[in-house]
Amino acid sequence: AVVSLATVSLVLLALWNQIESYRMHLSARTQRLRYENLSSAKKVVFVVLADLALLYVAVLLAYVLRLSSFGLPPADTRFAYLVVPILSVVVAYIFGVYAAAARNYSQTIERKLAASQFVATIVWMLLLLSVGTVGFPRSIFVIYPILALFGMILLRRFASLAFNFKGKAAVA
């Protein structure tokens, strides 16, 4: 059993080295060109979908952090958690965040992101306070925008590094 375990370990190590060798031989330029060849509309759709996924994670993480327990929000307040990512993306679109999805990423986009998330959170808060927030922890109004802004900026910085073309960032 020891010999077979050692043999399996050596085979796995050799396979891992082959995968790493193949990965290193792939041209980073070729990987970058795949995104560069997408149309502007497809780039915007890609960024919007990534933002929606990230924002849903952010709102659920805000809920988990607030209550210090894992699980979904109660069914009667779930709508309040589902509406904010969509609202955040709509407000970000109004602020022109997605107009730069096919162009350069800069600190101007980060300022627009910060402003849009602040406005989206205020609108969300006013909307929920007007219909009532029974069973809804209001501290999420503070936790969510911090997580959302951090995640959106981190996503864009990661994407700008991954798709960097001659010193210019490729995504919003």
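What counts, and at which threshold
Residues numbered from 1 in each chain as written. Predicted model: local features only at pLDDT ≥ 70, side-chain atom pairs only at ≥ 80, totals over all residues. Heavy atoms only, no water. Helix = DSSP H or I, 4+ residues; strand = E, 2+ residues; numbered from the N terminus. Expected span 1.5 Å × (residues − 1). Phe/Tyr/Trp six-rings, centres within 6.5 Å; stacked < 30°, edge-to-face > 60°. Buried < 20%, exposed > 50% of the residue type's maximum accessible area, 1.4 Å probe, protein only. Salt bridge = Lys/Arg side-chain N within 4 Å of Asp/Glu carboxyl O.

### Side note on helix 5 (residues 107–131)
Look at helix 5: 36 Å from first C-alpha to last across 25 residues, which is about the 36 Å you get at 1.5 Å a residue. The first or second residue beyond helix 5 is G132, which carries a positive phi of 105 degrees.

### Some details on the packing of aromatic side chains
A full pass over the atoms with the stated rule returns two aromatic pairs. Centre to centre, the rings of W124 and F141 are 5.1 Å apart; their planes meet at 85 degrees, and the pair counts as edge-to-face. Of the two residues, W124 sits in helix 5 while F141 sits in helix 6 (residues 140–162), which places them 17 residues apart along the sequence. With respect to class, W124 is no different from F141; both count as buried. The interplanar angle of 70 degrees and the centroid separation of 5.6 Å between the aromatic rings of W124 and Y144 together place this pair among those described as edge-to-face. Of the two residues, W124 is situated in helix 5 and Y144 in helix 6; the sequence distance between them amounts to 20 residues. An aromatic cluster of three or more residues is present, and its members are W124, F141 and Y144.

### What about the pattern of salt bridges?
According to the stated counting rule, one finds one salt bridge in the structure shown. Measuring nitrogen to oxygen at the nearest pair gives 2.5 Å for the salt bridge that ties D51 to R156. Here D51 is found in helix 3 (residues 40–67), whereas its partner R156 is found in helix 6, with 105 residues between them in sequence. The burial state of D51 is the same as that of R156; both residues are buried.

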